[in-house]
Amino acid sequence: MNAPAMVAEFDDVAGWTADAVERLGERYAIPAACRGSASPAALAWLAEACELAAGDLLLDVGAGVGGPAAWAASRFGVRPVLVEPMPSACRAASRLFGLPVVRAEGTRIPLRDRSADAVWCLGVLCTVRDKAAMLREFHRVLKPGASLGLLVIVARGSWVGPVPEGNHFPTRRELAALLDGAGFDLVEQVEAPSGVPLSWSRRSARVAAAVAARHSAEPAHRMAEGQGDIFGRLFASRQIATHLVHAAWRAK
Ligand SMILES: C[S@@+](CC[C@H](N)C(=O)[O-])C[C@H]1O[C@@H](n2cnc3c(N)ncnc32)[C@H](O)[C@@H]1O
């Protein structure tokens, strides 16, 4: 992942987000650290679909600043392990939540075969070129029959205008073929619920404002904002949509 705008978004802004949360207080941490457009309703859908249970080893790949994994630990009692390639994001997740974080690519996860009870991968697949390799790696580390929960930004059709740097959105049909090829049954796929309670969105907005107050003049902040603007236009024109996916491991 070398695209400068992605490094800005996933590394620089990740570290600034942790700094801002530390200034504002712990209650800001989870909403601010859910950076893959996950809302409490989307996370609850994924957790219920995957039937997460207390003590489960939940591997969150492309975990970013760790908000979704921390949410799952606090609401469902799982034991998360985070996998994330960007160094500032790894440090941010560790600082904010004290969760175990492994710095690695999702295509080469340093975990034993069949060791995870569930894998989550939220807002990540569209940033990865070799999606098939990543899904095969999830299949390797999951226990037989275990669940994979995805939040995926899918392309709805043909393109008008620019795509955010470094992103490659699969269509719904391409995603289904990728899952099948990697050894997963697609159990269910829905459009992500749109509502986010104000109690949550106000906290993430406050953190974003605190980050902007300190860093808006920096090129990395402008680049990350630029990515966000392009995403906003693609969602508004319905060229892309956020989907939640529950898939189940099957023998290859
Ligand atoms: C939109 S963020 C989502 C972060 C987190 N999953 C969440 O929902 O808050 C995408 C994350 O995927 C990570 N990522 C990108 N390419 C990756 C790869 N090849 N392997 C693992 N993670 C990757 C990025 O560093 C970034 O933290």
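Just so it is clear, the model here is predicted, and its values are computed rather than measured.

The next thing to look at is the sheet that holds strand E7 (residues 240-249). Where strands meet in a sheet, backbone hydrogen bonds hold them as pairs that are either parallel or antiparallel. If you trace the seven strands from one edge of the open sheet to the other, you get E3-E2-E1-E4-E5-E7-E6, paired in mixed fashion. Because the sheet does not close on itself, it has two edges, and the strands there are strand E3 (101-102) and strand E6 (184-191). As paired elements, strand E4 (residues 116-122) and strand E5 (residues 142-155) share six bridges and run parallel to each other. Across the sheet, the residue bridging to valine 119 is leucine 148, located in E5.

In a structure, side chains of opposite charge can pair up when their charged atoms sit close to one another. Considering all chains together, one arrives at eight salt bridges under this definition. Taking the shortest distance from any N to any O, the salt bridge between aspartate 19 and arginine 95 comes out at 2.7 Å. Within this pair, whereas aspartate 19 is found in helix H1 (residues 4-24), its partner arginine 95 is found in helix H5 (residues 87-97), the two being separated by 76 residues in sequence. Taking the relative accessible area as the measure of exposure, arginine 95 reaches 38% and is therefore partly exposed.

Following the UniProt record, one finds the feature "domain: Methyltransferase type" (unreviewed entry) at residues 59-148. Across residues 59-148, the secondary structure splits into 36% helix and 27% strand, with the terminal C-alpha atoms separated by 10 Å.

This brings us to helix H3 (residues 40-49). For H3, the set of buried residues is Pro40, Ala42, Leu43, Leu46, Ala47 and Ala49. Buried residues belonging to H3 abut helix H4 (67-76), E4, E5, helix H8 (198-215) and E7. Glutamate 51 sits one or two residues past H3 and shows a positive phi near 50°.

How each quantity is defined
- Residues numbered from 1 in each chain as written.
- Predicted model: local features only at pLDDT ≥ 70, side-chain atom pairs only at ≥ 80, totals over all residues.
- Heavy atoms only, no water.
- Pairing = 2+ DSSP bridges.
- Helix = DSSP H or I, 4+ residues; strand = E, 2+ residues; numbered from the N terminus.
- Salt bridge = Lys/Arg side-chain N within 4 Å of Asp/Glu carboxyl O.
- Buried < 20%, exposed > 50% of the residue type's maximum accessible area, 1.4 Å probe, protein only.
- UniProt positions renumbered as here; feature names shortened; annotations may be inferred.
- Contact = heavy atoms within 4.5 Å.

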